[in-house]
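What follows is each chain in one-letter form.
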Amino acid sequence: MSRRQDRHQRPAWSGPLGLYASGTTWLHRLGPGAKSVGLAVVGLLVLVVRGPWGAVLLLAAVTVAAASAGLRRRNVLRSLLPILVTAGVVGLYQWWQRGPAIAVEVAAGLVTVVLAACVVTATTRSDHLLDALGRALAPLRHVGLPPRTVALSVALMIRSVPALLATAGQVRDAARARGLERSPRALLVPAAVRTVARARSTGEALAARGLGD
Amino acid sequence: MPVAPENDAVPAAASRVPVDPDAGGRALPVPVLRSSAATDVALIATFAAFVAVCALLPSIAVPNLAVPITLQTFGVMLAGVVLGPRRGSLAVLLYLAVGLAGLPVFAQGTGGLAVLGKPSLGYLLAFPLAAGLAGLLVGRARSLPTRWLPVAIFGACAAGSLLLTHPIGISVMGARLGMGVQEAIAAGATFLPGDVLKNVLVAVVATAVFRAFPDLLQRRP
């Protein structure tokens, strides 16, 4: 069950590195925790700052930061395209309903947060971000959720996605062979049952190795 | 190999859970069934992956419905119903955390923190709560006769989506887009028909899963 084979079936799954683009700029070198805090600050500022000029200024600042990350413009535009369309539609609607000031504020606010988040995602390896999340969740060990278990769950989930995609492909082939490829029941029931069966045997394998307890 | 439609739906059932044909299909006491923390971890992680697969698969085109629906909410509600409130909402939380960390597991192969800025953020935030509520309600309804189980599951899912997913999703969308209450509700209502359909699917699929693994319904930690 090689990853290359799965990628052949589903190009959307781009592997464990996710949407990261390698580089050496200051944003790449900054730690994931600091970047997450920065993103939260941007999000708060968008909520707090009122008026079109503040929103545009914030958008300009984030754009400058994004330009300094040395990302490929085409990739950034591709991940921004959906929110640009949304911002355009909502901006036009709000212009018509409530005037240009609100329209600019809402549209610029949307693009600002999504652009900042895209930059954080593209300059931070997802395994580093997950490590930071694990460290942030470390206090949960007092309520019975040790960080090791969190890390194990993340690893198990990432491993399971390609396997389940392959299962979904098999189930679809089986349904097609019976002429049922348009029946949601014939597609989803075997996929769900096999998911539970897979989880059960994974759990037995973990218990046999003394993991997860 | 000729396979009847029902056969491949229950591949592991025969070997795992003996069913007494004389007892009207009810499950016998299972000889060895360790409900360990390892199994819980595996169930949570695998169902988080299942939600990701549901969101990634090409959407099912539904006749009489203009927009094709993705199965993301189907996976979320199924996790809640099958795993119960605690494990179900943990599975959905794991899915959200991995997606926010940048793996492309959200609908249309997107991922990363960018979803935090999108107007649809509220729906994502409501998912673990809705899955938890649906799992809780199904746990309450497990003493019902078997033939009422699908109806109970559908009701639990409808409660989860109508009480939590849509109100939270619509509020966040309205706040982010600067809309009034009525505008936001009108925009959010476009998701309702697909949602009803997906909850019907959850009821059908979860009933089949409970038939294959009856202990999932009986023990819900």
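The structure this text deals with has already been given above.
**Q** Is there a simple way to explain the overall build of chain B in this structure?
**A** Across its full length, chain B holds nine helices and zero strands. If you list the helices and strands of chain B from N to C, you get α-α-α-α-α-α-α-α-α. Considering chain B as a whole, with its 221 residues, one finds that 56% of them fall into the buried category. Of the roughly 9300 Å² of accessible surface on chain B, a fraction of 67% belongs to carbon and sulfur atoms.

**Q** Explanation requested: the overall build of chain A in the structure shown.
**A** The helix and strand inventory of chain A stands at nine helices and zero strands. For chain A, the succession of helices and strands along the chain, N to C, is α-α-α-α-α-α-α-α-α. Since a compact globule built from 213 residues should have a radius of gyration of about 17 Å, the 22 Å found for chain A marks it as more spread out than a globular shape. A principal-axis box enclosing the C-alpha atoms of chain A has dimensions of 60 × 50 × 35 Å. Within chain A, the proportion of its 213 residues that are buried is 42%. The average position of the 26 basic charges and that of the 8 acidic charges among the side chains of chain A differ by 6 Å.

**Q** Could you clarify how one ought to interpret a nonpolar patch on the surface in this entry?
**A** Residue and element names in this part refer to chain A. A cluster of nonpolar side chains, contributed by Leu77, Leu81, Leu84, Val85 and Val89, occupies part of the molecular surface with about 450 Å² of accessible area. Among the secondary structure elements, Val89 is positioned in helix H5 (residues 73-98). Accessibility expressed as a relative area gives 56% for Val89, which makes it exposed.

**Q** How should empty space enclosed by the protein be read in this particular structure?
**A** Sizing a probe to match a water molecule and rolling it over the atoms shows the empty space that remains. Residues and elements named next belong to chain B. Evaluated as defined, the whole model comprises two cavities of 30 Å³ or more. Around the largest cavity, the lining residues are Thr73, Met77, Phe127, Ser161, Thr165, Asp195 and Asn199. For the lining of the largest cavity, the elements supplying multiple residues, two or more each, are helix H3 (72-83), helix H6 (149-177) and helix H8 (192-212).

**Q** Sorry, what's going on with the layout of surface pockets here?
**A** The volume enclosed by the second largest pocket comes to roughly 870 Å³. What lines the second largest pocket is a set of 33 residues, and nearest its centre among them are A:Leu137, A:Leu145, A:Val150, B:Leu90 and B:Leu94. Put simply, the parts of the chain that give the lining of the second largest pocket at least two residues each are helix H3 (32-48), helix H7 (126-136) and helix H8 (147-177) of chain A together with helix H2 (37-56) and helix H4 (85-100) of chain B. Here the element with the most residues in the lining of the second largest pocket is H4(B); it accounts for seven residues. For the lining of the second largest pocket, the per-class residue count stands at 23 nonpolar, six polar and four charged.

**Q** What is the right way to look at the environment of A:Leu59 in this model?
**A** Residues and elements named next belong to chain A. Mapped onto the secondary structure, Leu59 falls in helix H4 (residues 52-67). As for Leu59 and Ala117, which are separated by 58 residues in sequence, their C-alpha atoms are 12 Å apart. Apart from the residues lying within four places of it in its own chain, the contact partners of Leu59 are Ala108, Val111 and Thr112.

Rules of the game
Residues numbered from 1 in each chain as written. Chains lettered and ligands numbered in written order. Predicted model: local features only at pLDDT ≥ 70, side-chain atom pairs only at ≥ 80, totals over all residues. Heavy atoms only, no water. Helix = DSSP H or I, 4+ residues; strand = E, 2+ residues; numbered from the N terminus. Buried < 20%, exposed > 50% of the residue type's maximum accessible area, 1.4 Å probe, protein only. Areas by Shrake-Rupley, 256 points an atom, 1.4 Å probe, with all protein chains shown as cover. Rg over C-alpha atoms; globule rule 2.2 N^0.38 Å. Lys, Arg positive; Asp, Glu negative; His and termini not counted. Charge placed at Lys NZ, Arg CZ, Asp CG, Glu CD. Patch = residues over 30% accessible without salt bridge, like charges linked within 9 Å, V, L, I, M, F, W, Y side chains within 5 Å. Salt bridge = Lys/Arg side-chain N within 4 Å of Asp/Glu carboxyl O. 1 Å grid on protein atoms, 1.4 Å probe; cavity = no way out; pocket = protein on both sides within 12 Å on 5 of 7 lines; lining within 4 Å. Points joined across faces, edges and corners; volume = space filled by probe spheres on them. Nonpolar A, V, L, I, M, F, W, Y, C, P; charged D, E, K, R; others polar. Contact = heavy atoms within 4.5 Å.

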